[in-house]
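Given next are the chains, with one letter for each unit.
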Amino acid sequence: MKLLVIGGGWAGLAAAVRAVQRGAEVTLWEMAAQAGGRARSWQAEGRWLDSGQHILIGAYRDTLKLMREVGAEPELLLQRLPLTLVDAQGQGLRWGRGGPLGAAFGAVQGHTGWGWRERLGLVVWGSRLALRGLRCPAHWSVERLCQGLPNAVREELVEPLCVAALNTRIEEASATVFLRVLRDALFSGPGGSDLLLPRVPLQALLPDPALVWLRAHGASVQLGRRAQQLQALNEGWACDDWQGDAIVLACSAHEAQRLAAHGAPQWARWPLRHEAIATVELELPGGPRLPAPMVALRGAPAQFLFDIPGDGRYVAVASAVAAELADGLQPLAERMEQQVKAQLPALRAARRVNQHADRRATFACVAGVARPPQMLRPGLVAAGDYVEGPYPATLEGAVSSGVAAAAHLLGTIRST
Ligand SMILES: Cc1cc2nc3c(=O)[nH]c(=O)nc-3n(C[C@H](O)[C@H](O)[C@H](O)COP(=O)(O)OP(=O)(O)OC[C@H]3O[C@@H](n4cnc5c(N)ncnc54)[C@H](O)[C@@H]3O)c2cc1C
């Protein structure tokens, strides 16, 4: 089968690698100068910059498998830590090793900031959810799911986890998708809830090794090449000067909808709402190490502060901030800086060296949201973190969608 993959983000790379493994003749076009999409890095003034602070978890099964397949060793490239949700003073939840329920129970017991009411409230709530198989009606929001949970637990545990995983506020976020993430993290096997923090620029985690692997296995890869127009043929598909059997639209939702406007007009009109993420980087040479590599911040707008190893760099991340960005990035970045300095006086002298907002960081994962299906027409499929699937917009969502796209096509069209 002759296949074109449009887009070299993590979904497109996953689709291309899987299709090559199944014997397809693969061409990959990526419009940027490097692959990786929203999870990529580039060099500026002699150092690597990532497109955004990313964390993975141990339950990212498809992503970790793909990394290994293209020769990128997760054990070397990612720092693995037991799930730790502590504040700037180091107080909070630290998951231990062992079975999921024992580890969770130990973490709750060890939270010195919570009284018996919070601890008991969490145990009762968690047990009730577990008895229901961590499932709930599709229209429930995470806020609805939290009914009966003590406020402190909601604010210090559920809210930050939900916003980090779904990039959507709990008032609107889909409880079904949130529970799916919890189920995978807690019950997918040992280490599923571990945090995996990149030790290297994002480029080295998957995009660069995947390109090397694809080229070595005969795929044609063109960077800086933007797909312009699709056309359905009597047999197969064409895109610009390419013709073949099938196409994977692994570009952004916006571009996929533009390209599909004639071939699949209904799909192209599918309504999608996006959410934003803002990032602020602070620098303080010789600055202190934080109590954990990832520290939860109280209040708003930022949820987490990351301690970047090496040279006194700290990255604050504010998720689900589409509304806050209405007045522009500058005031939001100032609030994020003030929030960090108020909670970590040791960083008062830190300098803001970088700020960035991605207004279309992810789709808004709201309760009951209907996502566009993977299959558009025979021989035309979509892959990406926004496409119908069980996961929120994450690297794992993107990779598993790419893997599914390749499996789908190579299952329905005979290899030639
Ligand atoms: C700031 C930020 C922080 C995040 N943090 C996390 C995190 O901590 N953990 C996590 O798991 N996920 C995180 N995510 C989400 C994660 O980055 C995405 O889910 C994932 O990268 C999406 O991959 P994708 O391949 O679906 O889409 P994209 O990465 O958007 O890839 C699409 C690609 O298609 C290309 N393209 C577009 N149009 C065309 C065209 N016409 N022709 C050719 N190429 C085209 C684009 O250039 C791009 O490279 C974060 C995202 C952001 C923005």
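Since the model is a prediction, treat every value here as computed from it, not as a measurement.

Parameters and conventions
Residues numbered from 1 in each chain as written. Predicted model: local features only at pLDDT ≥ 70, side-chain atom pairs only at ≥ 80, totals over all residues. Heavy atoms only, no water. Near = heavy atom within 4 Å. Polar contact = N/O pair within 3.5 Å; in protein donor to acceptor, adjacent residues only side chain to side chain. Helix = DSSP H or I, 4+ residues; strand = E, 2+ residues; numbered from the N terminus. Nonpolar A, V, L, I, M, F, W, Y, C, P; charged D, E, K, R; others polar. Domains from an automatic or database assignment. Buried < 20%, exposed > 50% of the residue type's maximum accessible area, 1.4 Å probe, protein only. Pairing = 2+ DSSP bridges. Contact = heavy atoms within 4.5 Å. Buried area = accessible area lost by both parts, 1.4 Å probe. Salt bridge = Lys/Arg side-chain N within 4 Å of Asp/Glu carboxyl O. Axes fitted to C-alpha atoms, helices over the stretch in contact; angles between N-to-C directions. Parallel < 35°, antiparallel > 145°, perpendicular 65-115°, else oblique.

(A) Main features of the site of the ligand. Every one of the 32 residues lining the ligand counts as a neighbour, but E30, H54, Y60, E255 and D385 are closest to it. A distance of 3.1 Å separates a nitrogen atom of the ligand from a polar backbone atom of M31. Going through the elements one at a time, α1 (10-21), β2 (25-30), β19 (351-363) and α14 (395-412) are the ones with two or more residues in the shell around the ligand. Tallied by class, residues from the shell around the ligand come to 16 nonpolar, nine polar and seven charged. A domain-level breakdown of the shell around the ligand finds at least three residues from each of domain 1 (2-64 + 201-272 + 370-412) and domain 3 (274-363).

(B) Structural detail: the pairing of strand β14 (residues 246-249). Burial of β14 is two-sided: the residues A246 and V248 facing one way and the residues I247 and L249 facing the other way are all buried. One ladder, built from four bridges, connects strand β1 (residues 2-6) with β14; its direction is parallel. Within β14, the residue paired with I6 across the bridge is L249. Sheet topology places β14 next to strand β21 (residues 380-382); three bridges connect them, and they run parallel. The partner of I247 across the bridge, within β21, is L380.

(C) Fine view of the domain arrangement of the protein chain. Here the domain parsing of the protein chain yields domain 1 (2-64 + 201-272 + 370-412), domain 2 (83-193) and domain 3 (274-363). The centre of domain 1, based on its C-alpha atoms, is set 32 Å off from the matching centre of domain 2. Opposite the seven residues of domain 1 that make contact, domain 2 presents 10 residues. For the domain 1 and domain 2 pair, buried surface summed over both sides reaches about 710 Å², with 62% attributable to carbon and sulfur atoms. The three residues of domain 1 that bury the most area against domain 2 are A59, P390 and P392, which together make up 51% of that side's buried surface. On inspection of domain 1 and its partner domain 2, the count reaches zero salt bridges. Here domain 1 is connected to domain 2 by four residue pairs in polar contact (both at pLDDT 80 or more). When the residues that make up the side of domain 1 that touches domain 2 are grouped by side-chain class, the tally is five nonpolar, two polar and no charged.

(D) Region of the structure containing the packing of helix α7 (residues 151-166) against helix α8 (residues 175-187). Contact pair α7 / α8: the axes reach a minimum separation of 11 Å and the direction vectors enclose 95°. The pairing of α7 with α8 is recorded here as roughly perpendicular in orientation. Residue-level contacts link V158, L161, C162, A165 and L166 of α7 to V177, F178 and V181 of α8. Among the residues forming the contact of α7 with α8, the class breakdown is eight nonpolar, no polar and no charged.

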